[in-house]
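Structural overview
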Amino acid sequence: MGSDRSVSRRGFLTTVAGTAATAAAAGTATAQASFDGWMSDVGNYSEVTDATGQDEVSITVGAEGNGGNFAFGPAAVQVDPGTTIIWEWNGKGGQHNVVAEEGGEFESELVTEAGFTFEQTFEEEGAVKSFCQPHRALGMKGVVVVEAHGWQLSIGETETRPVRIRRVPRLE
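What you see is a predicted model, and the numbers here were worked out from it, not measured in a lab.

Parameters at a glance
- Residues numbered from 1 in each chain as written.
- Predicted model: local features only at pLDDT ≥ 70, side-chain atom pairs only at ≥ 80, totals over all residues.
- Heavy atoms only, no water.
- 1 Å grid on protein atoms, 1.4 Å probe; cavity = no way out; pocket = protein on both sides within 12 Å on 5 of 7 lines; lining within 4 Å.
- Points joined across faces, edges and corners; volume = space filled by probe spheres on them.
- Helix = DSSP H or I, 4+ residues; strand = E, 2+ residues; numbered from the N terminus.
- Nonpolar A, V, L, I, M, F, W, Y, C, P; charged D, E, K, R; others polar.
- Phe/Tyr/Trp six-rings, centres within 6.5 Å; stacked < 30°, edge-to-face > 60°.
- Buried < 20%, exposed > 50% of the residue type's maximum accessible area, 1.4 Å probe, protein only.
- Pairing = 2+ DSSP bridges.
- Core = buried A, V, L, I, M, F, W, Y, C linked by side-chain atoms within 4.5 Å.
- Contact = heavy atoms within 4.5 Å.
- pLDDT = per-residue confidence, 0-100.

Right, let's talk about empty space enclosed by the protein for a bit. Inspection of every chain in the model, using the stated rule, returns one cavity of 30 Å³ or more. Around the largest cavity sit I59, F72, P74, A75, V77, W87, S130, G142, V143 and V144, which together line it. When residues in the lining of the largest cavity are grouped by element, the largest group, three residues, is from strand 9 (residues 141-146). When the residues that make up the lining of the largest cavity are grouped by side-chain class, the tally is eight nonpolar, two polar and no charged.

What follows is the structure, encoded as structure tokens:
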């Protein structure tokens, strides 16, 4: 015997949209978490820090991690296109620099002094991998994820999450 259940168009679309959003979020989280193994030996990396909506983002050079002050803090950050990342040396861990490995073309000078800064503005979407040349083998590596977000959906009074809007064909 068959079931004679009917589903409203709104109910169907809500289910499809929820399933698609869950799948997309899972895929993005998995891609961000691994970066093709780039962050696998980075001791202070656990997740991508969401810094979207900011014009400038600071990253500490010489942060604690990887057995000393051999880390970028945060190690991985997500920003909008046009955001300027400012790496700021804290004077700990010896000489450091920031060198683009993949997805970018930049290299700072080797510096030990606290307060030194190096800036890079990220215009193109993608993941830009970087490292500190003297401490790369220790795991002093980072990632800047650049991703445009069109719409913001308000959830409660204080939290917003990016939402991508896509037209769904009307079901007859």
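Here we take up the packing of aromatic side chains. Under the defined criterion, the tally for this structure stands at seven aromatic pairs. Residues W87 and F118 carry aromatic rings whose centres are separated by 5.8 Å and whose planes lie at 35 degrees to one another, so their mutual orientation is tilted. One end of the pair, W87, is in strand 5 (residues 83-89); the other, F118, is in strand 7 (residues 117-122), with 31 residues separating them in the sequence. By the burial criterion, W87 is buried, and F118 matches it. A ring pair is formed by F106 and F122, whose centres lie 6.0 Å apart and whose planes are at 90 degrees; its orientation type is edge-to-face. Taken together, the positions of F106 in the loop between strand 6 (99-102) and strand 7 and F122 in strand 7 put the pair 16 residues apart, joining distant regions of the chain. Here the two residues F106 and F122 agree in accessibility, since each one is buried. Connected via pairs of aromatic rings, a cluster forms that spans W87, F106, F118 and F122.

Attention shifts here to the sheet that holds strand 6. Pairing within the open sheet is mixed, and its five strands lie in the order 1-4-9-8-6. Strands with a single pairing partner mark the edges of an open sheet, and in this sheet they are strand 1 (49-50) and strand 6. The pairing of strand 1 with strand 4 (residues 76-79) spans two bridges and is parallel. By the bridge assignment for strand 4, D50 is matched with Q78.

Okay, the environment of E147 next. When you line up the elements, E147 lands in the loop between strand 9 and strand 10 (151-155). Each C-alpha atom of the pair E147 and P81 lies 6.4 Å from the other, and the pair is 66 residues apart in sequence.

What follows concerns the nonpolar core. Of all hydrophobic cores here, the largest spans 23 residues; its most connected members are I85 and W87. Not counting chain neighbours up to four residues away, the residues in contact with I85 comprise V57, I59, V77, V79, F118, E119, Q120, F122 and V144. In terms of nonpolar packing, the next biggest core, distinct from the first, is built from twelve residues, W38, V42, V48 and V99 among them.

Turning our eyes to something else, we now look at the confidence of the model for the protein chain. Of the residues in the protein chain, 67% reach a pLDDT of 70 or more, and the chain-wide mean stands at 80. Predicted confidence for residues 9-32 stays below pLDDT 50, and this span has nine contacts to residues more than four positions away or in other chains. Within the model, pLDDT remains below 50 along residues 151-161, and this stretch shows 14 contacts once partners closer than five positions in the same chain are excluded.

Locating E125 in the fold gives a position in the loop between strand 7 and strand 8 (126-131). On the basis of relative accessible area, E125 is assigned to the exposed category, the value being 52%. In this structure the C-alpha to C-alpha distance between E125 and A148, which are 23 residues apart in sequence, comes to 7.0 Å. Setting aside residues up to four positions removed in sequence, E125 forms contacts with P81, V146, E147 and A148.

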